[in-house]
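One-letter residues, chain by chain:
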Amino acid sequence: AQSVTQLDSHVSVSEGTPVLLRCNYSSSYSPSLFWYVQHPNKGLQLLLKYTSAATLVKGINGFEAEFKKSETSFHLTKPSAHMSDAAEYFCVVSGGYTGKLIFGQGTTLQVKP
Amino acid sequence: NAGVTQTPKFQVLKTGQSMTLQCAQDMNHEYMSWYRQDPGMGLRLIHYSVGAGITDQGEVPNGYNVSRSTTEDFPLRLLSAAPSQTSVYFCASSLVQTLNTEAFFGQGTRLTVV
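Quick notes on the rules
- Residues numbered from 1 in each chain as written.
- Chains lettered and ligands numbered in written order.
- Predicted model: local features only at pLDDT ≥ 70, side-chain atom pairs only at ≥ 80, totals over all residues.
- Heavy atoms only, no water.
- Pairing = 2+ DSSP bridges.
- Helix = DSSP H or I, 4+ residues; strand = E, 2+ residues; numbered from the N terminus.
- Axes fitted to C-alpha atoms, helices over the stretch in contact; angles between N-to-C directions.
- Disulfide = S-S within 2.5 Å.
- Buried < 20%, exposed > 50% of the residue type's maximum accessible area, 1.4 Å probe, protein only.
- Salt bridge = Lys/Arg side-chain N within 4 Å of Asp/Glu carboxyl O.
- Contact = heavy atoms within 4.5 Å.
- Buried area = accessible area lost by both parts, 1.4 Å probe.
- Polar contact = N/O pair within 3.5 Å; in protein donor to acceptor, adjacent residues only side chain to side chain.

Asks: Is there a simple way to explain the sheet that holds strand 7 (residues 64–66) of chain B in this structure?
Replies: Where strands meet in a sheet, backbone hydrogen bonds hold them as pairs that are either parallel or antiparallel. All names here are of chain B. An order of 1-3-8-7 is seen for the four strands of this open sheet, with the pairing classed as antiparallel. The open sheet terminates on both sides in strands that have one partner only, identified here as strand 1 (4–7) and strand 7. Between one strand axis and the next, the sheet turns through 20° on average, direction left out of account. By the bridge criterion, three bridges tie strand 3 (residues 19–25) to strand 8 (residues 76–78) in an arrangement that is antiparallel. Bridged to M19 within strand 8 is L78.

If you want it as structure tokens, here you go:
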């Protein structure tokens, strides 16, 4: 069975400082992993996805994530936060060929001026 | 190209009422799904469909029905609304739900049951 845990429900950073949103996963086979972002009162937008081609994945808006199999982690990072990054972020694992996406609980990113 | 369109955006229902949340996509995607989003719980799968005429239950299907008569449309029906169904509902679609397929989401429907 697949599962995903986002280790922080809320992260607060100052504008211009690095962002780290943590995600651990559990999967019985090589997983596909995604990060989605949800801005207030909006739908979900794909930031990036890991599909086993490369362990360091670059996404939109300067975000990237590194797949670490030994640590079963897929943490999301950004070198310098912008005010526009304030949103909720979801780590997602694909539930195999059943077609189901399994969501973490979400991390709310607050960016302070 | 509109993507995934959900209607309505907001709805208030009284307990016991029924209603249908509409979802349409214009990307010719085979796979469509409905999720509900509740604070601190991420998104949970209600029902999904792998193609016209085929539907299946997700994690939290009770109180909801779906049908898939066309590739484009995947409505979600609340049979008898309950306060526990107060939530934000998202419809999603993807080309084929394989391991690494990206899902596209609608803007959501915020439902309040009083």
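Asks: Help me understand the state of the cysteines, please; the structure alone is not making it clear to me.
Replies: Note on terminology: disulfide describes a covalent bond linking the sulfur atoms of two cysteines. All names here are of chain A. For the structure on display, the rule yields two disulfides over all chains. Between the sulfur atoms of C23 and its disulfide mate C91 the distance is 2.0 Å. With the S-S bond torsion at -65°, the cross-link from C23 to C91 turns out left-handed. Placement of the pair is C23 in strand 4 (residues 23–26) and C91 in strand 10 (residues 87–94), with a sequence separation of 68 residues. Residue C91 is classed as buried on the basis of its relative accessible area of 0%.

Asks: Just to check I follow, could you spell out the pattern of salt bridges for this structure?
Replies: For side chains of opposite charge, pairing can occur when their charged atoms come near one another. One pass over the structure, following the stated rule, counts five salt bridges over all chains. Here A:D85 and A:K78 are joined by a salt bridge, their closest N and O atoms 2.8 Å apart. Classification of A:D85 as buried rests on a relative accessible area of 4%. In this structure A:K78 comes out as buried when scored by relative accessible area, which is 7%. Linking B:D38 and B:R44 is a salt bridge whose minimum nitrogen-to-oxygen distance equals 2.8 Å.

Asks: Where do I start with the interface of chain A and chain B in this structure?
Replies: By a frequent convention, interface size equals the accessible area lost on bringing the separate parts together. Across the boundary between the two partners, chain A contributes 25 residues, which contact 22 residues of chain B. Interface area, chain A with chain B, both sides summed: about 1,900 Å², of which 54% is carbon and sulfur. The tally of links from chain A across to chain B stands at three residue pairs in polar contact (both at pLDDT 80 or more). Counting only elements with at least two residues in the side of chain A that touches chain B, the list comes to strand 5 (33–38), strand 6 (44–50), strand 10 and strand 11 (101–103) of chain A.

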